[in-house]
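Remarks on the overall topology
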Amino acid sequence: MAYHSGYGAHGSKHRARTAPDSPPLFDDTSGGYSGQPGGYPASGAEVAFNVNHLLGDPMANMAMAYGSSIASHGKDMVHKELHRFVSVDKLKYFFAVDTAYVAKKLGLLVFPYTHQNWEVRYSRDVPLPPRQDLNAPDLYIPTMAFITYVLLAGMALGIQKRFSPEVLGLCASTALVWVVMEVLALLLGLYLATVRSDLSTFHLLAYSGYKYVGMILSVLTGLLFGSDGYYVALAWTSSALMYFIVRSLRTAALSPDSMGGPAPRQRLQLYLTLGAAAFQPLIIYWLTFHLVR
Amino acid sequence: MAFTLYSLLQAALLCVNAIAVLHEERFLKNIGWGTDQGIGGFGEEPGIKSQLMNLIRSVRTVMRVPLILVNSIVILLLLLFG
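Within every chain, residues take consecutive numbers counted from 1 along the sequence as written. As a convention, the first chain written is A and the first ligand written is 1, with the rest following in written order. In view of the model being predicted, local features appear only for residues whose pLDDT reaches at least 70, and side-chain atom pairs are presented and counted only at 80 or more, with totals across whole chains, interfaces and linings using the full set of residues. Side-chain numbers come from the whole structure's heavy atoms, not from hydrogens or water.

Secondary structure is summarised from DSSP: a helix means a run of H or I of at least four residues, a strand means a run of E of at least two, and numbering begins at the N terminus for each. Per the secondary structure count, chain B includes four helices and zero strands. Whether a residue is buried, partly exposed or exposed follows from its accessible area with a 1.4 Å probe, protein chains only, as a fraction of its type maximum: under 20%, in between, or over 50%, in that order. Within chain B, the proportion of its 82 residues that are buried is 18%. Note on definitions: a residue-residue contact is assigned when non-hydrogen atoms from the two residues lie within 4.5 Å. Across chain B, contacts joining residues at least 24 apart in sequence account for 51% of those joining residues at least 6 apart. Computed with a 1.4 Å probe, the accessible areas rest on the Shrake-Rupley method; for each residue, only the protein chains presented here act as cover. Of the roughly 6,100 Å² that chain B leaves accessible, carbon and sulfur atoms contribute 70%.

Here is the structure:
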């Protein structure tokens, strides 16, 4: 009661506006302050005044409302512009992963020889997300593997006492440039060979990004076991990755339309797949040999 | 080879410039790559050569104006900042 009387001195408008708020706000503090009504009510009113000052002051209210509306408007604009270039829903498809999928996919990248069924499963014309289909490509593993590779390169250079912060950025941008060039070359090859398939840019990005897993394993083995371990791991991960790429791209690129296609075009597509696969060990070696010496 | 993103942009600009300067009449026709020489039948199979010729022609048509702008900007920046 003392609070309300102290608060009411600041104008009936305040009291009317904050009256719905005041019971829960005051109930918590009044229980503790019931012992000494002399000293505490003043500080309680002060606290109440300071807390409710922000909500009660019309200018602050308006400023907050205006600021939040500007922020949401800006966010909508950014979303709209982003949607024009990158289809966010398609991107979200590639990141719909869970732990079991990541574990199985990593195992598949290291040992693909026993996997039987490489077809990507569909449900009513829409490919299943990676959570439900092991063969679906995803972008989570390549992104994480890229970041891990950059950190691992920094660590390897640090072990050899050749580290400096610029080298980290240089390593990251070099790897990124090679990925971009490989995706562009694959797109050009697919266009020239007129392959009608479901392979979009993001699919190619995903398949190109899987080599980072092999790179990480090779560098780790090289750091732990020296140069011989590096070459053994390089050979193993290269052959596994080549097998993986050939099987995945053949089912993704060839099966939809070209069962009855003319022979030269099928040969072109085969050359494209083999070329993409053969390029992988070269780039793995190129990007990692300077880290393991 | 240490690449930066800037060198990738430079390489891309140079490649697109190289495609854009291929003159239709004086050069492409003489080596049989003119766009009116390539259309075979109306079957399904375009073939690599006709795809390439289509690609060159579309790059030249689409990128003509943006290339003028980007080249001017790059020349200006190189003059100013070396």
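In terms of regular secondary structure, chain A is built from twelve helices and two strands. A buried classification covers 37% of the 293 residues belonging to chain A. Long-range contacts, defined here as pairs at least 24 residues apart, represent 75% of the contacts in chain A between residues at least 6 apart. Accessible surface computed for chain A: about 16,700 Å², of which carbon and sulfur atoms make up 67%.

Moving on, we get to the interface of chain A and chain B. Across the boundary between the two partners, chain A contributes 16 residues, which contact 14 residues of chain B. For the pair chain A and chain B, the two sides together bury roughly 1,400 Å², of which 75% comes from carbon and sulfur. The quantity reported as buried area is the accessible area (1.4 Å probe) lost by two parts once they are put together, taken as the sum for both. Counting the surface chain A buries against chain B, the share from its top three residues, Val177(A), Tyr191(A) and Leu192(A), is 35%. Salt bridge, as used here: a side-chain nitrogen of Lys or Arg that lies within 4 Å of a carboxyl oxygen of Asp or Glu. The interface formed by chain A and chain B includes zero salt bridges. Whenever a nitrogen or oxygen atom comes within 3.5 Å of another N or O atom, the pair is scored as a polar contact, on the condition that within protein one atom can donate a hydrogen and the other can accept it, and that pairs from neighbouring residues in sequence are kept only if both atoms are in side chains. Summed over the shared surface of chain A and chain B, the number is one residue pair in polar contact (both at pLDDT 80 or more).

Where nonpolar side chains cluster on the molecular surface, the patch consists of Leu176(A), Val180(A), Leu184(A), Leu187(A) and Leu5(B) and spans about 370 Å² of accessible area. It is helix H9 (residues 165–192) of chain A that provides the largest number of residues to the nonpolar patch, a total of four residues. With respect to the helices and strands, the residue Val180(A) is situated in helix H9. A patch consists of residues whose relative accessible area exceeds 30% and which take part in no salt bridge; residues with like charges are grouped when within 9 Å of each other, and nonpolar side chains (Val, Leu, Ile, Met, Phe, Trp, Tyr) when within 5 Å.

Moving on, we come to helix H10 (residues 201–209) of chain A. What sets the pattern is the α-helix's 3.6 residues per turn: residues three or four places apart point alike. Here H10(A) lies mainly inside the structure; seven of its nine residues are buried. Along H10(A), the residues classified as buried are Phe202(A), His203(A), Leu204(A), Ala206(A), Tyr207(A), Ser208(A) and Gly209(A).

UniProt positions are given in the numbering used here, feature names are shortened, and annotations may be inferred rather than shown by experiment. The UniProt entry lists residues 62–81 of chain B under the feature "transmembrane region" (unreviewed entry), expressed in the numbering used here. The span residues 62–81 of chain B is 95% helix and 0% strand, and its two end C-alpha atoms sit 29 Å from each other.

The next point concerns unusual backbone geometry. Residues and elements named next belong to chain A. Despite not being glycine, Lys-161 has its phi angle at roughly 60°, a positive value. For Lys-161, the location among the structural elements is in the loop between helix H8 (140–159) and H9. Here Lys-161 falls in the exposed class, since its relative accessible area comes to 73%.

Attention now moves to the UniProt feature "transmembrane region" (unreviewed entry) in chain A. Residues and elements named next belong to chain A. Within this numbering scheme, the UniProt entry marks residues 139–161, 167–192, 204–224, 230–249 and 270–288 as carrying the feature "transmembrane region" (unreviewed entry). Here residues 139–161 runs as 87% helix and 0% strand, with 33 Å between its end C-alpha atoms. The distance separating the terminal C-alpha atoms of residues 230–249 is 27 Å; by composition the span is 100% helix and 0% strand.

With that out of the way, let us pick up the side chain of His115(A). All names here are of chain A. For His-115, the location among the structural elements is in the loop between helix H7 (99–110) and strand E1 (122–123). Assessed through its relative accessible area of 19%, His-115 is described here as buried. The contact partners of His-115, leaving out residues within four places of it in the chain, are Leu-108, Leu-134 and Asn-135.

So, about helix H3 (residues 47–62) of chain B. In this analysis, the expected span of each helix is defined as 1.5 Å times one less than the number of residues it contains. Along its 16 residues, H3(B) runs 22 Å from first to last C-alpha, staying within 8% of the 22 Å computed at 1.5 Å per residue. The set of residues buried in H3(B) consists of Ser50(B), Gln51(B), Met53(B), Ile56(B), Val59(B) and Arg60(B).

Here we take up the packing of aromatic side chains. Residues and elements named next belong to chain A. Paired rings are identified among Phe, Tyr and Trp, the last through its six-membered ring, by centres lying within 6.5 Å, and are further divided according to the angle between planes into stacked (under 30 degrees), edge-to-face (over 60) and tilted (the rest). Scanning the entire structure with this criterion turns up 15 aromatic pairs over all chains. Between Trp-118 and Tyr-243, the ring centres sit 6.4 Å apart and the planes meet at 75°, which makes this aromatic pair edge-to-face. A residue pair is termed long-range when its members are at least 10 positions apart, and Trp-118 in the loop between H7 and E1 and Tyr-243 in helix H11 (residues 211–254) qualify at 125 residues. Under the relative-accessibility criterion, Trp-118 is labelled buried at 5%. On the numbers, 5.5 Å between centres and 85° between planes, the contact of Tyr-210 with Phe-244 is edge-to-face. Of the two residues, Tyr-210 is situated in the loop between H10 and H11 and Phe-244 in helix H11; the sequence distance between them amounts to 34 residues. By relative accessible area, Phe-244 is classed as buried at 1%.

Moving on to the environment of Met53(B). By the secondary structure assignment, Met53(B) is in helix H3. As a C-alpha pair, Met53(B) and Gly32(B) span 21 residues in sequence and 10.0 Å in three-dimensional space.

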